[in-house]
Amino acid sequence: MTRIRRVLLAEDDPNDIELTLAALAEHHLLNEIVTVRDGAEALDYLYARGAYAGRRDGNPALLLLDIKMPKVDGLEVLRQVKSDPNLRTIPVVILTSSREEQDLIRSYELGVNAYVVKPVDFRDFVDAVRRLGAFWAVINEPPPATSGRSSTSRPQAR
Amino acid sequence: MPPTLRPVGLRLRLLALVLLALGPALGLAVHTYLVQRDEERARVRENAVRIARLSARAQARLVDGTRQLLQVLATIPAVREVDRPGCSAFLAALLPGYPGYANLGVAAPDGSLVCSALPPPRPIDLSSRTHFRRAIETRRFAVGGYQVGWVTGEPTLNAALPLFDGQGSIRGVLFAAMRQRWLNDAARDARLPQGTTLTVVDASGVILARYPAPERYVGRSAAASSLFRTVVERREGTAEAAGPDGVTRLYAYTTLAADGVPYAYVGIGMPHVTAFAAADRLLLRSLATLAIVTLLALGAAWVGAQLLVLRRVEVLVRTAERLRQGDLAARTGLRGHDEIGRLAAAFDAAAEALEAREREQRRQEEQIRRLNAELERRVAVRTAQLEAANQELEAFAYSVSHDLRAPLRHLAGFAALLEQSAAATLDERGRRYLRVINDAAANMGRLIDDLLTLSRIGRTEPRREPVDLTAVVEAAWREASRDAAGRQVEWSLAPLPQVTGDPALLRIAFVNLLSNALKYTRGRPVARIDVAANGTHAGEAVVLVRDNGVGFDMQYAHKLFGVFQRLHRAEEFEGTGVGLATVRRIVQRHGGRVWAEGVPDGGATFFVALPTGGASDDDADTAGPAGRG
């Protein structure tokens, strides 16, 4: 299975981070995964500013977004990403506990690419991640690398 | 400006009333006047007769005078002896002294003229003359007929007196020719009213004398006229006839007779107009007076009507008009104990009541308005409260959705990781413990989901649209049967009726029912699940879901649909105990009913009754959560 190139994971709960990473690792899906702890940090990363000023390695191949985050929440990040011509092409998958209709509606209105509810059962979660990976890594054609930043992939063993 | 009143109707009626009241009096007056006139006329007639009689008497006096004269002359020897020459000379000398006579003379018994005051122009024979013959016959003074004097040519009335010799035989007849001109003079002197005629007619109807215009009538015969016949018959009286000149006159007549034998008739003719002029004038004057009095009475009634009645009626009408136009304070202000006064009082009372009622009505309207406003305010407050509560619930559900699930995931996730990484070091018991932890977490996740669903149903207003139940159940089956792969399941779906409701909610309900059916038939080698229509009745369609599973004891049927209520042990059949509560809530929100029948180990049948719809509900227009962004 080919690997997804760099993935940006925005998740504030450390346990959730650990679980997600474990699930992703089980299927050997990742080359590189960058974790940010809230929406502000996510935006800083995407815009290569603040703590990530000077980053030159281009847009991530996938953005995994939780909704409930401190400072700036997932929907706000989604909005900004989808309204910025430089960032619009990044596929965004919202990965959240909430099945609330209002979150669904708002997310799709803002142009989310996929909305996945994290199952409670870990095995189900791992299965969902596998399928996500199958889709994004195999089936989906990633957007061509554009923008002013060159993208290089560095195979990185775990 | 109130419209000018023209109460002609009432005024006319009042005038008619006055006339009616006057009627008898008027009638009596008219009658009296007529009676008076008739009396007057009778008096006139009597007067006329009296005048006729007077005239007759005058004539009679003349005749009487003539008789006396003749009797005196009869004593004169010259006459008595019938001495021709001497008698003529004597008579001739006498005649001028009696201007009333045209002639005096004597005739022989055979009628030949013996002597006369006027020399006869020719031999005269008197034998045929009435007066002569009658004198011979009666041997007394007689008056004869009309005769034209042979010398003067004027009309005369002749009288004769027989002369007797010593033996009593008639020696001769002494005659006198009476002039009639005296009548004219007398009539003139009598000053008879304008147009009155005086006529003297002899026994045969020849007019002896007439006033006025004697020359036209004297000598003519009136024998042919019916008046003459009446006169002859009745001898005295009055008659009304048209005279020879065509003028209708009142005639009063009387008879001149000598020794009972009429020799002349005297008639006074007064023109109708003149005769009854006074009477008619009197009548007219009376009638005129009556008319004036009546008019005055009517005039007084006219004015009186206005003052006494109509003015007040006008006030009533104007007040009514003011009332109609909305001035409820309008009052007549009329007083009095008569009918109009009472009418006005009743009217005012009615207006008073009307005003009071309107005030009351306004007050009540005001009260209603205030109550309405109060109600609106309260409703607004309540709505705000409800909305606030709803929003709190929303936030709560949201929070539950997110925040309760996260630790659960961690629980389950790390338990699984632990199981993975420590599988080698854990014994069977440890592994079992982990499994329990996992299962518990999964269970709680499901419970949270179900509770969230249940609460969402309560929070939103279900849609009301036509729902194809068959399609809904098919979709529900697809979802519910996902976990039944590998099992032997026979299921049937009969065509279901159309109902009115929310397709999404109904799908959830049937997913629950079908999941239950699948769950409780797990022990059967072949699970049999049937979904069918059970009739439509009184706007409700009933659908049943039947399974051949473990069934339940009807004793506990009432607990079936309670939240967290379970009739089976958890280790036999997992479940949150929320599914059927969800079904019931969904169905109830649709205005339907749900109930179940079961036999322990004999399967169960769940019945759902839903409204077939048609009736639209206005509150169905509130959008569900889809409307909220």
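Just above sits the structure.
Scope of this entry: the structure provided in the associated data block. This one's a predicted model, so the numbers in the text were calculated from it and none came from an experiment.

**Thoughts on the overall build of chain A**
Working step 1: When helices and strands are counted, chain A shows 5 helices and 5 strands.
Working step 2: Taken from N to C terminus, the helices and strands of chain A fall in the order β-α-β-α-β-α-β-α-β-α.
Working step 3: Here the analysis covers contacts within chain A between residues at least 6 apart in sequence; of these, 67% occur between residues at least 24 apart.
Working step 4: Accessible surface for chain A amounts to roughly 7,600 Å². Of this, 49% is attributable to carbon and sulfur atoms.

**Some points on the sheet that holds strand β10 (residues 261–271) of chain B**
Residues and elements named next belong to chain B.
Working step 1: Read across the open sheet, the 5 strands follow the order β7-β6-β10-β9-β8; overall the sheet is antiparallel. Where the open sheet ends on each side, the last strands, each with one partner, are β7 (207–211) and β8 (237–242). In this sheet, adjacent strand axes meet at a mean angle of 25 degrees when their direction is disregarded.
Working step 2: Bridge analysis of strand β6 (residues 197–202) against β10 gives 6 bridges, and the strand direction is antiparallel. Its bridge partner being in β10, Val 201 is matched across the sheet by Tyr 265.
Working step 3: Taken strand by strand, helix α7 (residues 226–234) contacts β6, β8, β9 (248–258) and β10, and its axis lies near 45 degrees from that of β9.

**Notes on unusual backbone geometry**
Working step 1: Even without being a glycine, Lys 71 of chain A presents a positive backbone phi close to 60 degrees.
Working step 2: Looking at the secondary structure, you find Lys 71 of chain A in the loop between β3 (62–65) and α3 (74–83).
Working step 3: Positive phi, normally seen in glycine, also occurs at Asp 601 of chain B, with a value near 60 degrees.
Working step 4: Looking at the secondary structure, you find Asp 601 of chain B in the loop between β16 (593–598) and β17 (604–611).

**Focus on the nonpolar core**
Most often, soluble globular proteins have nonpolar side chains that are buried together.
Residue and element names in this part refer to chain B.
Working step 1: Of all hydrophobic cores here, the largest spans 44 residues; its most connected members are Leu 70, Leu 91, Leu 104, Val 106, Val 143, Leu 174 and Tyr 263.
Working step 2: Element by element, the count of residues in this core is highest for helix α1 (residues 8–75), at 11 residues.
Working step 3: Formed by 39 residues, the second largest nonpolar core is a distinct cluster that contains Val 531, Ala 557, Val 608 and Leu 610.

**A look at the interface of chain B and chain A**
Working step 1: Each partner contributes to the interface: chain B provides 28 residues, whereas chain A provides 25 residues.
Working step 2: A combined buried area of about 2,200 Å² lies between chain B and chain A, and 55% of that area is made up of carbon and sulfur atoms.
Working step 3: Sorting the residues of chain B by area buried against chain A places Tyr 398, His 402 and Arg 409 of chain B first, and these three jointly supply 30% of that buried surface.
Working step 4: Where chain B meets chain A, there are 1 salt bridge.
Working step 5: One can count 5 residue pairs in polar contact (both at pLDDT 80 or more) joining chain B with chain A.
Working step 6: In terms of residue count, helix α10 (residues 339–421) of chain B provides more of the side of chain B that touches chain A than any other element does, 17 residues in total.
Working step 7: Taken together, the residues of the side of chain B that touches chain A break down into 13 nonpolar, 7 polar and 8 charged.

**Considering the sheet that holds β16 of chain B**
Residue and element names in this part refer to chain B.
Working step 1: Reading across the sheet, the 5 strands line up as β12-β14-β15-β17-β16 and stay open at both edges, with mixed pairing between neighbours. Either end of the sheet is taken by a strand with one partner, and the two such strands are β12 (489–493) and β16. Within the sheet, the average angular offset between the axes of one strand and its neighbour, ignoring direction, is 15 degrees.
Working step 2: In this sheet, β17 lies alongside strand β15 (residues 540–547) in antiparallel orientation, the contact comprising 8 bridges. When the sheet's bridge partners are listed, Val 543 is paired in β17 with Val 608.
Working step 3: Contacts from helix α12 (residues 469–480) reach β12, β14 (527–537), β15 and β17 within the one sheet, and its direction differs from that of β12 by about 165 degrees.

**Details of the state of the cysteines**
All names here are of chain B.
Working step 1: As enumerated under the stated definition, the model contains 1 disulfide over all chains in all.
Working step 2: Sulfur-sulfur distance for the disulfide between Cys 87 and Cys 115 comes to 1.4 Å. Here the S-S torsion is close to 55 degrees, and the disulfide linking Cys 87 with Cys 115 is therefore right-handed. Of this pair, Cys 87 sits in helix α3 (residues 84–94) while Cys 115 sits in strand β2 (residues 113–116), placing them 28 residues apart in sequence.

**Re helix α4 (residues 130–138) of chain B**
Residue and element names in this part refer to chain B.
Working step 1: What α4 keeps buried is the set His 131, Phe 132, Arg 134 and Ala 135.
Working step 2: Buried-residue contacts for α4 involve β1 (101–107), β3 (142–148), β4 (155–164), β5 (170–179) and β10.
Working step 3: Following α4 by one or two positions, Arg 139 adopts a phi angle in the positive range, close to 65 degrees.

**Topic: the pattern of salt bridges**
Working step 1: Scanning all chains against the criterion turns up 35 salt bridges over all chains.
Working step 2: Residues Lys 71 of chain A and Asp 38 of chain A are paired through a salt bridge, measuring 3.5 Å at the closest nitrogen-oxygen approach. Here the residue Lys 71 of chain A occupies a position in the loop between β3 and α3, and Asp 38 of chain A occupies one in the loop between β2 (33–36) and α2 (39–46), the gap between them amounting to 33 residues.
Working step 3: Look at Asp 38 of chain A and you get buried, because its relative accessible area is 7%.
Working step 4: Residue Arg 106 of chain A is joined to Glu 109 of chain A by a salt bridge in which the shortest nitrogen-to-oxygen separation is 3.7 Å. Of this pair, Arg 106 of chain A and Glu 109 of chain A both sit in helix α4 (residues 101–110), 3 residues apart, which is roughly one turn of that helix.
Working step 5: Salt bridges sharing partners connect three or more residues here, namely Glu 11, Asp 16 and Lys 118 of chain A together with Arg 409 of chain B.

**Brief notes about the environment of Phe 164 of chain B**
Residue and element names in this part refer to chain B.
Working step 1: Turning to its location among the elements, Phe 164 is positioned in strand β4.
Working step 2: By relative accessible area, which is 32% here, Phe 164 ends up partly exposed.
Working step 3: Expressed as a C-alpha distance, the spacing of Phe 164 and Glu 81, which sit 83 residues apart in the sequence, is 9.8 Å.
Working step 4: Residues within four places of Phe 164 in sequence aside, it is in contact with Arg 139, Ser 169, Ile 170 and Arg 171.

**Focus: the packing of helix α11 (residues 428–459) of chain B against helix α14 (residues 579–589) of chain B**
Residues and elements named next belong to chain B.
Working step 1: Contact geometry of α11 with α14 gives a least axis separation of 10 Å together with a crossing angle of 15 degrees. Taken together, the axes of α11 and α14 lie roughly parallel to each other. Taken as a pair, α11 and α14 cross one another with a handedness that is left-handed. Across from Asp 450, Thr 453, Leu 454, Ser 455, Ile 457 and Gly 458 in α11, the residues of α14 making contact are Ala 581, Thr 582, Arg 585, Ile 586 and Arg 589.
Working step 2: Here the residues of the contact of α11 with α14 are counted per class, giving 4 nonpolar, 4 polar and 3 charged.

**Focus: the side chain of His 131 of chain B**
Residues and elements named next belong to chain B.
Working step 1: You can see His 131 is positioned in helix α4.
Working step 2: Residue classification places His 131 among the buried positions, given a relative accessible area of 2%.
Working step 3: The residues touching His 131, leaving out its near neighbours within four places in the chain, are Ala 142, Val 143, Gly 144, Gln 147, Asn 158, Ala 159, Ala 160 and Phe 175.

**Here we look at the packing of helix α9 (residues 277–324) of chain B against α10 of chain B**
For any two helices packed against each other, the geometry is given by the interaxial angle and the distance between the axes.
Residues and elements named next belong to chain B.
Working step 1: Between α9 and α10, whose axes approach to 11 Å, the crossing angle comes to 10 degrees. Here α9 is positioned roughly parallel relative to α10, judged by the angle of their axes. Counting all contacts with α9, which are made through Val 309, Arg 312, Val 313, Leu 316, Thr 319, Ala 320 and Leu 323, the residues of α10 involved are Ile 340, Gly 341, Leu 343, Ala 344, Phe 347, Ala 351 and Leu 354.

Conventions adopted
- Residues numbered from 1 in each chain as written.
- Chains lettered and ligands numbered in written order.
- Predicted model: local features only at pLDDT ≥ 70, side-chain atom pairs only at ≥ 80, totals over all residues.
- Heavy atoms only, no water.
- Helix = DSSP H or I, 4+ residues; strand = E, 2+ residues; numbered from the N terminus.
- Contact = heavy atoms within 4.5 Å.
- Areas by Shrake-Rupley, 256 points an atom, 1.4 Å probe, with all protein chains shown as cover.
- Pairing = 2+ DSSP bridges.
- Axes fitted to C-alpha atoms, helices over the stretch in contact; angles between N-to-C directions.
- Core = buried A, V, L, I, M, F, W, Y, C linked by side-chain atoms within 4.5 Å.
- Buried < 20%, exposed > 50% of the residue type's maximum accessible area, 1.4 Å probe, protein only.
- Buried area = accessible area lost by both parts, 1.4 Å probe.
- Salt bridge = Lys/Arg side-chain N within 4 Å of Asp/Glu carboxyl O.
- Polar contact = N/O pair within 3.5 Å; in protein donor to acceptor, adjacent residues only side chain to side chain.
- Nonpolar A, V, L, I, M, F, W, Y, C, P; charged D, E, K, R; others polar.
- Disulfide = S-S within 2.5 Å.
- Parallel < 35°, antiparallel > 145°, perpendicular 65-115°, else oblique.
- Left-handed = near helix turned anticlockwise from the far one by under 90°.

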